[in-house]
Amino acid sequence: MTEAILLVGGKGTRLRPLTVHTPKPMVPAAGVPFLTHQLARARAAGVDHIVLATSYLAQVFEPHFGDGSALGLHLEYVTEKEPLGTGGAIRNVAERLRSGPDEPVLIFNGDILTGLDIRALVGTHESTGADVSLHLTKVTDPRAYGLVPTDETGRVLAFLEKPQTPEEIVTDQINAGAYVFRRSVIDTIPAGRPVSVERETFPGLLAAGAHLQGMVDSTYWLDLGTPAAFVRGSADLVMGRAPSPAVPGRRGDRLILPTARVAPDAKLTGGTVVGEGAFVAEGARVCGSTILPGAVIEPDAVVTDSLIGSRARVGERSVLTGAVVGDGAVVGADNELRDGVRVWCDARIPAGAVRFSSDQ
């Protein structure tokens, strides 16, 4: 297994305002852009050539990763002029592939944090002679996902999009967003128009009698599409619950980047990350949160399961739980922000302006 396609063109709308200035794969998780973890895991599995299918804010990828040599990879970049969907993006980069018609090409989405055994997926693909192999994972509530029932040998029987009734939930196996394609199959995807592999390519291949193989691997899997999930994924990387060779430090309760400053009596727990140049002041308590570069947490603030954007500021005694504060925003002193609130980039919330309890 030597080459892969990484789909990193999405706009990350569910993650806004984190993705106003930064494409989703470049938002830091455990101290480095999330994409770094995916690239490092692919390299560890023996992949050496990766084509990045970019679109939204495409210009930021290459200046950061260059030719990939620092990671032991050869990276190439292909930018879509118009969004082409998952299948269209795969087809759009096909000319950069070097594999022969029957050789495997790994494909994975740029927003999935997983402990997938990549070598095992490729091995399953080759041993079964499949045209396409899919990583499947089991979830307790599959209603938000596409279901993929298989027979006793793992051969895919159908693709069922987001079931609406209990009767439609025929399996707890879902498409986990990593695939191995026979190289020649990629060339059958229509070129120059939007194509969804989930809704068009895979069902079409199945109807045509192609062999689609599923491999269940439920070691760790998380869709980082929402702010809450992204913060949890970062914390899991820091604490070692999610595997990655790219975490820049020891696994544990906290990760403090080299130029960050933390007051001696500040308390950091739950996989908290304090980014480059950020400052956590005296008496502050930060749990399970990501503090991006240059952000400031003022004295006695309490930040839980939240993401504080670059150069943002959380005022004294403010309490944030499950919040997202965009780049450059300021939350004044004595505010309370609760689950799901999103403070937009460069916004200003005056002192004591937002509360869920009495000010006494």
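See the structure shown above.
Residues numbered from 1 in each chain as written. Predicted model: local features only at pLDDT ≥ 70, side-chain atom pairs only at ≥ 80, totals over all residues. Heavy atoms only, no water.

## Considerations on the overall build of the protein chain
Looking only at helices and strands, the protein chain features seven helices and 28 strands. When the backbone C-alpha atoms are referred to their principal axes, the protein chain occupies close to 70 × 50 × 35 Å. The long-range share in the protein chain, meaning contacts at least 24 apart out of those at least 6 apart in sequence, stands at 51%. With an accessible surface of roughly 15100 Å², the protein chain has 50% of that area assigned to carbon and sulfur atoms. Averaging the coordinates of the 34 positive side-chain charges in the protein chain and doing the same for the 41 negative ones gives two points 3 Å apart. (Helix = DSSP H or I, 4+ residues; strand = E, 2+ residues; numbered from the N terminus. Contact = heavy atoms within 4.5 Å. Areas by Shrake-Rupley, 256 points an atom, 1.4 Å probe, with all protein chains shown as cover. Lys, Arg positive; Asp, Glu negative; His and termini not counted. Charge placed at Lys NZ, Arg CZ, Asp CG, Glu CD.)

## Regarding the sheet that holds strand β23 (residues 319-321)
Strand order in the open sheet formed by five strands is β14-β17-β20-β23-β26, and the pairing between neighbours is parallel. The sheet terminates laterally at β14 (267-269) and β26 (336-337), the two strands that pair on one side only. Two strands pair when backbone bridges link them, and β23 and β26 are joined in this way by two bridges, in the parallel orientation. By the bridge assignment, Val319 is partnered in β26 with Glu336. (Pairing = 2+ DSSP bridges.)

## Remarks on the sheet that holds strand β4 (residues 49-54)
The seven strands are arranged β5-β4-β1-β6-β9-β8-β10 in an open sheet whose pairing can be described as mixed. At either margin of the open sheet sits one strand with a lone partner, and together these are β5 (74-79) and β10 (212-216). Within this sheet the neighbouring strands show an average axis-to-axis angle of 25°, counted without direction. Packed on one face of the sheet, helix α3 (residues 85-92) meets β1 (3-7), β4, β5 and β6 (104-109) and runs near 140° to β1. (Axes fitted to C-alpha atoms, helices over the stretch in contact; angles between N-to-C directions.)

## Some thoughts on helix α6 (residues 197-207)
For α6, the complete set of buried residues consists of Val197, Glu198, Thr201, Phe202 and Leu205. Angularly, the buried residues of α6 cover 110° about the axis, an arc narrow enough to put them on a single face. Facing away from the buried side of α6, by more than 90 degrees, are the exposed residues Arg199 and Ala207. Residues of α6 that are buried in the fold lie against α3, β8 (132-138), β9 (173-182), α5 (183-186) and β10. (Buried < 20%, exposed > 50% of the residue type's maximum accessible area, 1.4 Å probe, protein only. Arc of directions from axis to C-beta.)

## A few points about the packing of aromatic side chains
What the rule picks out here adds up to six aromatic pairs. Between the aromatic rings of Phe181 and Phe202, the centroid separation amounts to 5.9 Å while the plane-to-plane angle is 35°, which identifies the pairing as tilted. One end of the pair, Phe181, is in strand β9; the other, Phe202, is in helix α6, with 21 residues separating them in the sequence. The exposure class assigned to Phe181 is buried, which follows from its relative accessible area of 0%. (Phe/Tyr/Trp six-rings, centres within 6.5 Å; stacked < 30°, edge-to-face > 60°.)

## What to know about the nonpolar core
By size, the foremost hydrophobic cluster in this structure holds 29 residues, and its most contacted members are Ile5, Ile107, Leu134, Phe181, Ile186, Phe202 and Leu212. When contributions to this core are tallied by element, the ones reaching two or more residues are β1, β4, α3, β6, β8, β9, α5 and α6. Leave out the neighbours within four places in its chain, and Phe181 touches Glu103, Pro104, Val105, Ile107, His125, Asp131, Val132, Ile186, Ile189, Val197 and Phe202. (Core = buried A, V, L, I, M, F, W, Y, C linked by side-chain atoms within 4.5 Å.)

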